[in-house]
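Residue strings, one per chain:
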Amino acid sequence: MRRFLYTLAVAAAVTACGLFPEDVVDQKDLAATDGLFVCGEATGLPDFSQEALMSIATVGPRRASRDGMMEKFMVLEGGKDFKIKLRNGEIFATFSAELVDSVSAGVAPEVDMTVKKGRMLMGDDAPAMQVPSTGLYHILVDFNYPGDLVSPFIVVAPVSWGVSGVMNKGGFTPFEAVDINAEQMTWTLEGQRLSSTRNFRFCYGGGSALCLDDAGKVRVNTYLGAAMLPGGNDIVVDTIGFYTVRLTYTRAAGKVSDSFSYELERTGDVPLPQTMYMCGSRFGGEDWNSEAVVAMEPVKRTPGTFWAIRYVDTLDFVRFSPERLAEKSFAQLEENTGFEVSGDSVKVTKNGNYLFYIDADAGKVLVEPARVFGHGAAFQYPEKWGVEGPRVRFKDIDSLHVMTNTAPYDGELRLFFSGPGITAGWKFRQIYAIDGQLRYNLEDFLTPGVENDPLPHMSVSAGQIITLDFNAGTVLIEDPPVPEPVPEPEPEPDPDTDPDPNPEPDPNPDPDE
């Protein structure tokens, strides 16, 4: 900030020396901090008021600061003048622009809206800026220090807040309009369904970035994430439910996050299935009471989410149900990935082991080739385990309906599955090899009340072959087959010592022999 002010102040001193009227200079005592201020009758504040102090802007989702870009969210009164003014010690400068309508319609997720934009002008003689109607505005000043714009710009964007994210499938849900108040306003949305997977952010213009140039090189963030940071991480809740969402703007000095706060009030429960079953050609056929029906595994700490890995082929059919009842079965929800639907059944296009994954909260059904990995001591250095190290994926053996791998090290065998679109952490996607069985809930094997209970994981030796049969629920660990010995070749005969095995017949045989 000080580097920015120093550079700007030097330029202002050289360019604008002697241009400031006495009444502007006399107001310097009103400012307790050096900086760039939004000043003028449209603000309803005296010039250089602390509440009008701009802050450094950030660009992109990584929240990188851009040298020479400043921003401010502020209520402006329509039809009244305002300018941007600098104070740095005894140096003052005034900036303005001839604002004209400019459509910012870049490639998604950029905003698609009309803003006021103009090439920056310097000096008190520059025409004052105005907005047509009273409201909250995002004021951006870019001095083009990097030199990637045509010229320095001032952009004034009307702000109409809403929410966007997984909660509304990337759409935009606007808040209802509120009475404009320059000091504080609160917007409210009721009945919003949120969970650990239904994240969201506050944004305006229906997007997440505002382009300052036609080439789209400079995009300033137009959304507020966690901690009310522009370009911050999405906001998530730990407990699924219906919520009332409130966003409050308060006119304040400092960073953008100092001017905004939010509140989430849980108002109701969301009914989610506690169980999920899978039937089909290999899993009980049409009989939902069959022992072959698959009870899908719940994902820990993610209510309404279930998974199973099974082998199926292109002739098989699969259906799901939260209960063992045909009338409640389904093949698809709102978002469906990786499979075809034939009638009321799931169909795959290639034989193999598949991951069947249902997120009832998000309305997703995912069916994709199973990605099962080995980890732990048997698959990387013994002192490490987790997904941070090398990943060794199991291979499908279609003819046997199994998946296999070879252990590169001696040690404990641990497994986990993965896949795109799966939000649960890897610790909640582990598969356990215990006593020759594939198990999915380790707590079933721990002694209640005993800390550091020894875990009965199976171990392997380097070079052993691991075979996973998910339909049978078994794991087999075998030594690699011993190759048959290759017979040594017969030695070549020595012509000097060995008799000729194929002698030529004597042309004059002895008749007495």
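Residues numbered from 1 in each chain as written. Predicted model: local features only at pLDDT ≥ 70, side-chain atom pairs only at ≥ 80, totals over all residues. Heavy atoms only, no water.

Time to look at the overall build of the protein chain. Scanning the protein chain for helices and strands turns up two helices and 39 strands. For the protein chain, restricting intrachain contacts to residue pairs at least 6 apart in sequence, the fraction spanning at least 24 positions comes to 66%. Of the accessible surface of the protein chain, which amounts to about 26000 Å², a share of 50% is contributed by carbon and sulfur atoms. (Helix = DSSP H or I, 4+ residues; strand = E, 2+ residues; numbered from the N terminus. Contact = heavy atoms within 4.5 Å. Areas by Shrake-Rupley, 256 points an atom, 1.4 Å probe, with all protein chains shown as cover.)

What the rule picks out here adds up to 24 salt bridges. A salt bridge links D361 to R193; the nearest nitrogen and oxygen atoms lie 3.2 Å apart. Here R193 lies in strand β12 (residues 184-194) and D361 lies in the loop between β27 (352-359) and β28 (364-369), a separation of 168 residues in the sequence. On the basis of relative accessibility, which here comes to 3%, the residue D361 falls in the buried class. Residue D234 is joined to R201 by a salt bridge in which the shortest nitrogen-to-oxygen separation is 3.1 Å. (Salt bridge = Lys/Arg side-chain N within 4 Å of Asp/Glu carboxyl O. Buried < 20%, exposed > 50% of the residue type's maximum accessible area, 1.4 Å probe, protein only.)

Attention shifts here to empty space enclosed by the protein. Overall, the coordinates contain three cavities of 30 Å³ or more when judged by the stated rule. Put simply, the largest cavity is a space of about 60 Å³. Forming the walls of the largest cavity are S195, S196, T197, D238, T239, I240, R301, T302, P303, T305, D359 and D361. Taken together, the residues of the lining of the largest cavity sort by class into two nonpolar, six polar and four charged. Taken as a whole, the second largest cavity spans an internal volume of roughly 50 Å³. Contributing to the lining of the second largest cavity are V294, A295, M296, E297, W307, A308, I309, R310 and Y440. For the lining of the second largest cavity, the elements supplying multiple residues, two or more each, are β20 (294-295) and β22 (305-312). No other element matches the four residues that β22 contributes to the lining of the second largest cavity. (1 Å grid on protein atoms, 1.4 Å probe; cavity = no way out; pocket = protein on both sides within 12 Å on 5 of 7 lines; lining within 4 Å. Points joined across faces, edges and corners; volume = space filled by probe spheres on them. Nonpolar A, V, L, I, M, F, W, Y, C, P; charged D, E, K, R; others polar.)

This next bit is on the sheet that holds β12. The strands that make up a sheet pair up through hydrogen bonds in the backbone, lying either parallel or antiparallel. The antiparallel open sheet is built from three strands, whose spatial order is β12-β17-β18. If you trace the sheet from one side to the other, it starts and ends with β12 and β18 (260-268), each paired once. With strand direction ignored, the average angle separating the axes of adjacent strands in the sheet is 20 degrees. Where β12 lies against strand β17 (residues 241-250), nine bridges are found, and the strand directions are antiparallel. Bridge assignment links Q192 to a residue of β17, and that residue is Y243. (Pairing = 2+ DSSP bridges. Axes fitted to C-alpha atoms, helices over the stretch in contact; angles between N-to-C directions.)

A few words on the side chain of E71. With respect to the helices and strands, the residue E71 is situated in strand β3 (residues 64-76). By relative accessible area, which is 2% here, E71 ends up buried. In terms of polar contacts, E71 uses its side chain to reach the side chain of H138, at 2.7 Å. Aside from chain neighbours lying at most four places away, what touches E71 is M54, S55, I56, A57, T58, H138, I139, L140, V220, P230 and V256. (Polar contact = N/O pair within 3.5 Å; in protein donor to acceptor, adjacent residues only side chain to side chain.)

Here strand β5 (residues 91-97) runs beside strand β7 (residues 112-122); their pairing, made up of three bridges, is antiparallel. Each bridged residue has a counterpart across the sheet, and for S96 the counterpart in β7 is L121. Alignment of β7 against strand β9 (residues 153-158), held across four bridges, turns out to be antiparallel. Bridging from a neighbouring strand, G118 pairs with I154 of β9.

Next up on the list: the confidence of the model for the protein chain. Caution is warranted with low-pLDDT regions, since their predicted coordinates should not be read in detail. Scored by pLDDT, the protein chain comes out at a mean of 85, with 84% of its residues at no less than 70. With pLDDT under 50 throughout, residues 381-388 is counted as low confidence; its partners more than four residues away or in other chains account for 18 contacts. (pLDDT = per-residue confidence, 0-100.)

The subject of this paragraph is unusual backbone geometry. The backbone phi angle of N144 is positive, close to 55 degrees, even though this residue is not glycine. Here N144 lies in the loop between β8 (135-142) and β9. Despite not being glycine, H401 has its phi angle at roughly 65 degrees, a positive value. Along the chain, the position of H401 falls in the loop between β31 (395-397) and β32 (402-406).

Take the packing of aromatic side chains next. Inspection of the entire model under this criterion finds 19 aromatic pairs. Residues F48 and F92 carry aromatic rings whose centres are separated by 5.4 Å and whose planes lie at 80 degrees to one another, so their mutual orientation is edge-to-face. With a gap of 44 residues between them, F48 in the loop between β1 (35-39) and β2 (55-59) and F92 in strand β5 connect regions that are remote in the sequence. Between F143 and Y145, the aromatic rings sit 6.1 Å apart at their centres with planes inclined by 35 degrees, giving tilted as the arrangement. (Phe/Tyr/Trp six-rings, centres within 6.5 Å; stacked < 30°, edge-to-face > 60°.)

This paragraph deals with the nonpolar core. Grouped together as the largest cluster of nonpolar side chains are 65 residues, with contacts concentrated most on I84, W161 and F202. Per-element accounting of this core gives the leading share, six residues, to β3. Core analysis: the second largest hydrophobic core is formed by 29 residues, L415, I431, L438 and M458 among them. (Core = buried A, V, L, I, M, F, W, Y, C linked by side-chain atoms within 4.5 Å.)

So, about the environment of A52. Take A52: it is sitting in the loop between β1 and β2. On the basis of relative accessible area, A52 is assigned to the buried category, the value being 0%. Excluding residues within four positions of it along the chain, A52 makes contact with L36, F37, V38, L45, K72 and M74.

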